[in-house]
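Remarks on the overall topology
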Amino acid sequence: MGKVRGVICHHTAGGANGNMPSLDVIRRGRSDLPGPLAQLGLGRDGTFFVVAAGVANHAGRGEWQGVTAGNSSFIGIEAENTGTAGDFPWPEVQMDAYARGCAAILNHIGAPAIMCCGHKEFALPRGRKPDPSFDLDAGNHSDMDTFRTTVQSFMEGTGTPRPMIPAEDPVGRPTLRRPATGDLVRELQAKLKVEVDGDFGPITEAAVRAFQRQRDLVPDGIVGPKTWEALSSA
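Since we're looking at a predicted model, the values are computed, not measured. (Residues numbered from 1 in each chain as written. Predicted model: local features only at pLDDT ≥ 70, side-chain atom pairs only at ≥ 80, totals over all residues. Heavy atoms only, no water.)

Considering all chains together, one arrives at 6 aromatic pairs under this definition. Consider the rings of Phe74 and Phe122, whose centres lie 5.8 Å apart with planes at 65°: the pair is edge-to-face. A residue pair is termed long-range when its members are at least 10 positions apart, and Phe74 in strand 6 (residues 74-79) and Phe122 in helix 4 (residues 119-122) qualify at 48 residues. When sorted by exposure, Phe74 lands in the same class as Phe122, which is buried. Between Tyr98 and Phe147, the ring centres sit 5.5 Å apart and the planes meet at 70°, which makes this aromatic pair edge-to-face. With Tyr98 in helix 3 (residues 92-109) and Phe147 in helix 5 (residues 142-156), this residue pair connects regions lying 49 residues apart in the sequence. Each of the two residues, Tyr98 as well as Phe147, counts as buried. (Phe/Tyr/Trp six-rings, centres within 6.5 Å; stacked < 30°, edge-to-face > 60°. Helix = DSSP H or I, 4+ residues; strand = E, 2+ residues; numbered from the N terminus. Buried < 20%, exposed > 50% of the residue type's maximum accessible area, 1.4 Å probe, protein only.)

Printed below as a string of structure tokens:
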């Protein structure tokens with residue numbers, strides 16, 4: 001990589017089903033283009049997948065704000081979406097994560113919100129790429145202007161906060177996450193069928209995330225009221 005100047009947003013145009021069916025293609029590439037095809041993937045449930053460090057083949061020929069070296073100057077994010085009417089609107093949790101992720105990267109590298117662009121804005125000749133299609137009717141790319149406004153709000157700390165997870169559920173079970181310990185963690189581990197050692201570590205968190213995905217919950221690895229309720233009925 002050269003100096004990282006910003007973020008280029010993409011959609012995968014991949015499968016219509018599943019959380020991140022395009023992940024293997026992003027990692028390995030295609031017959032006409034070797035992987036990785038982006039540094040990050042973004043699932044429909046708002047989970048970021050770290051694919052690669054260094055250069056990724058995501059940009060191709062283009063220009064944004066005077067920068068033409070896309071692959072070596074921009075972090076590429078491939079968000080799972082078919083780009084067709086059947087996959088609209090995008091899941092709110094995915095759009096929220098997309099904007100927050102871009103804001104975090106831009107704040108980290110000290111770049112303004114304008115350095116978050118869509119592939120369709122960067123790619124040359126103009127019209128070569130349609131992604132990301134946040135709004136199918138935004139032929140003038142106004143959907144990216146709206147998206148950048150949201151990114152800017154998170155960069156400034158004025159964006160709408162996500163609701164906090166309650167500290168306990170209605171029957172008094174506390175919200176659990178790493179690095180909790182104790183009998184309730186043992187109960188959780190027994191339900192998840194992992195080693196029962198009373199230590200909420202990475203293996204337990206991974207099992208919680210897998211369970212949450214099975215139940216269409218946000219897979220954050222945190223056992224709050226919604227996850228406790230789902231575990232009780234499992």
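For helix 3, spanning 18 residues, the distance from its first C-alpha to its last is 26 Å, which sits close to the expected 26 Å at 1.5 Å a residue. Residues of helix 3 that are buried: Gln94, Asp96, Ala97, Tyr98, Ala99, Gly101, Cys102, Ala103, Ile105 and Leu106. Looking at the packing, one finds that the buried side of helix 3 touches strand 1 (6-11), strand 4 (40-42), strand 5 (48-50), strand 6, strand 7 (116-118) and helix 5. Downstream of helix 3 by one or two residues, Gly110 has phi in the positive range, about 70°. (Expected span 1.5 Å × (residues − 1). Contact = heavy atoms within 4.5 Å.)

Turning to the pattern of salt bridges, a few remarks are in order. Close approach of charged atoms allows side chains of opposite charge to pair. Across all of its chains, the model carries 15 salt bridges by this definition. For the salt bridge of Arg30 with Asp32, the shortest nitrogen-to-oxygen distance reads 3.0 Å. On the basis of relative accessible area, Asp32 is assigned to the exposed category, the value being 56%. Between Arg44 and Asp87 there is a salt bridge, with its nearest N and O atoms 2.9 Å apart. Of the two residues, Arg44 sits in the loop between strand 4 and strand 5 while Asp87 sits in the loop between strand 6 and helix 3, which places them 43 residues apart along the sequence. For the pair Arg44 and Asp87, a shared accessibility class is recorded, and that class is buried. Salt bridges here are not isolated pairs; linked through shared partners, they connect Glu92, Asp96, Arg100 and Arg162. (Salt bridge = Lys/Arg side-chain N within 4 Å of Asp/Glu carboxyl O.)

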